[in-house]
Amino acid sequence: QYYTFGRVGYGFLNGENMMTNQYLEALAGFGKTIYDNPENRWIKKVNLDVSSYNSSYQYNLLKINDSTGFTFGGYFSPGYFTANTINVRAEGEVKKLRLKYGIKGFVGAEYAIRPSLAGPVWDVCPFLSYDLNDKVSINLLYHYYTFADLKREQLMISAVIKGF
């Protein structure tokens, strides 16, 4: 089974004593379910896909300086950024507990302009998802990844509400 996906976003970041920074972002990809066996006790499905993430910020605010030139903060906000990756996701399920679990990750390359940057990107992410009912699920993800010039660990807890 083949599939496609994508998203487009526009936003702005603002804060105290700094200029508002508009951005555009887009993600597009395609993939294939390479394993699908609901009878397997541990791994039910494996997906493999290729994606391209692109973004552009109005201003590069990597370093924010005060009037004396002292750098007091900043964030990665290149004029142009792209990351092209190969992604894999393996998932299983315990139906009687309404619990899904798995691991996903990616490897690829990134490129940025203003500031200039090129290098590898990667991610490893185990996850759990508990379905409260047909419309609401609670998700727990732990990301360990690298992009831009940093390595990051991120624990995310989220709720997903399906279909209004």
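Structure: see above.
Residues numbered from 1 in each chain as written. Predicted model: local features only at pLDDT ≥ 70, side-chain atom pairs only at ≥ 80, totals over all residues. Heavy atoms only, no water.

Caption draft 1: Highlighting the overall build of the protein chain. Secondary structure assignment for the protein chain yields zero helices and ten strands. Ordering the α and β elements of the protein chain from the N terminus gives β-β-β-β-β-β-β-β-β-β. Expressed along its principal axes, the backbone C-alpha trace of the protein chain runs to roughly 65 × 30 × 30 Å. Put simply, the protein chain has 164 residues, and 29% of those count as buried. As displayed, the protein chain offers around 10,900 Å² of accessible surface, 60% of which is attributable to carbon and sulfur atoms. The distance from the centre of the 17 positive side-chain charges to the centre of the 14 negative ones in the protein chain is 7 Å. (Helix = DSSP H or I, 4+ residues; strand = E, 2+ residues; numbered from the N terminus. Buried < 20%, exposed > 50% of the residue type's maximum accessible area, 1.4 Å probe, protein only. Areas by Shrake-Rupley, 256 points an atom, 1.4 Å probe, with all protein chains shown as cover. Lys, Arg positive; Asp, Glu negative; His and termini not counted. Charge placed at Lys NZ, Arg CZ, Asp CG, Glu CD.)

Caption draft 2: Representation of the packing of aromatic side chains. Applying the stated criterion across every chain yields a total of four aromatic pairs. The ring centre of Tyr2 lies 4.9 Å from the NZ or CZ of Lys32, which sits over that ring. (Phe/Tyr/Trp six-rings, centres within 6.5 Å; stacked < 30°, edge-to-face > 60°. Lys NZ or Arg CZ within 6 Å of the ring centre and 35° of its normal.)

Caption draft 3: Looking closely at the environment of Phe30. Its location among the elements puts Phe30 in strand β2 (residues 18-36). Sequence spacing of Phe30 and Tyr2 is 28 residues, and the spatial spacing of their C-alpha atoms is 7.4 Å. Not counting residues up to four positions away in its chain, the partners in contact with Phe30 are Tyr3, Thr4, Phe5, Asp49 and Val50. (Contact = heavy atoms within 4.5 Å.)

Caption draft 4: Quick peek at the pattern of salt bridges. One pass over the full model with this rule turns up two salt bridges. With a shortest N-O distance of 2.7 Å, Glu91 and Arg89 are connected by a salt bridge. Among the salt bridges present, the one from Lys100 reaches Asp131, with a minimum N-O distance of 3.9 Å. On the criterion of sequence distance, the pair formed by Lys100 in strand β7 (residues 99-113) and Asp131 in strand β8 (residues 117-131) is long-range, its members being 31 residues apart. (Salt bridge = Lys/Arg side-chain N within 4 Å of Asp/Glu carboxyl O.)

Caption draft 5: Summary view of unusual backbone geometry. A positive phi is found at Arg98, a non-glycine position, where the angle reads about 55 degrees. Within the fold, Arg98 resides in the loop between β6 (80-94) and β7.

Caption draft 6: Layout of the sheet that holds strand β10 (residues 150-161). Spatial ordering of the open sheet is given by β1-β2-β3-β6-β7-β8-β9-β10, a layout of eight strands whose pairing is antiparallel. Both outer strands of the open sheet, β1 (2-15) and β10, are each paired with one neighbouring strand and no more. Strand after strand, the sheet turns through a mean of 20 degrees between neighbouring axes, direction not considered. The sheet contact formed by β1 and β2 spans 13 bridges and is antiparallel. Following the sheet pairing, Leu13 is matched in β2 by Asn21. (Pairing = 2+ DSSP bridges. Axes fitted to C-alpha atoms, helices over the stretch in contact; angles between N-to-C directions.)

Caption draft 7: Structural context of a nonpolar patch on the surface. Residues Leu128, Tyr130, Leu132, Ile138, Leu140, Tyr142, Tyr144, Leu155 and Ile157 make up a contiguous nonpolar surface patch of roughly 790 Å² in combined accessible area. Broken down by secondary-structure element, the contributors of at least two residues to the nonpolar patch are β8, β9 (136-147) and β10. Ranked by residues supplied to the nonpolar patch, first place goes to β9 with four residues. Mapped onto the fold, Ile157 is located in strand β10. (Patch = residues over 30% accessible without salt bridge, like charges linked within 9 Å, V, L, I, M, F, W, Y side chains within 5 Å.)

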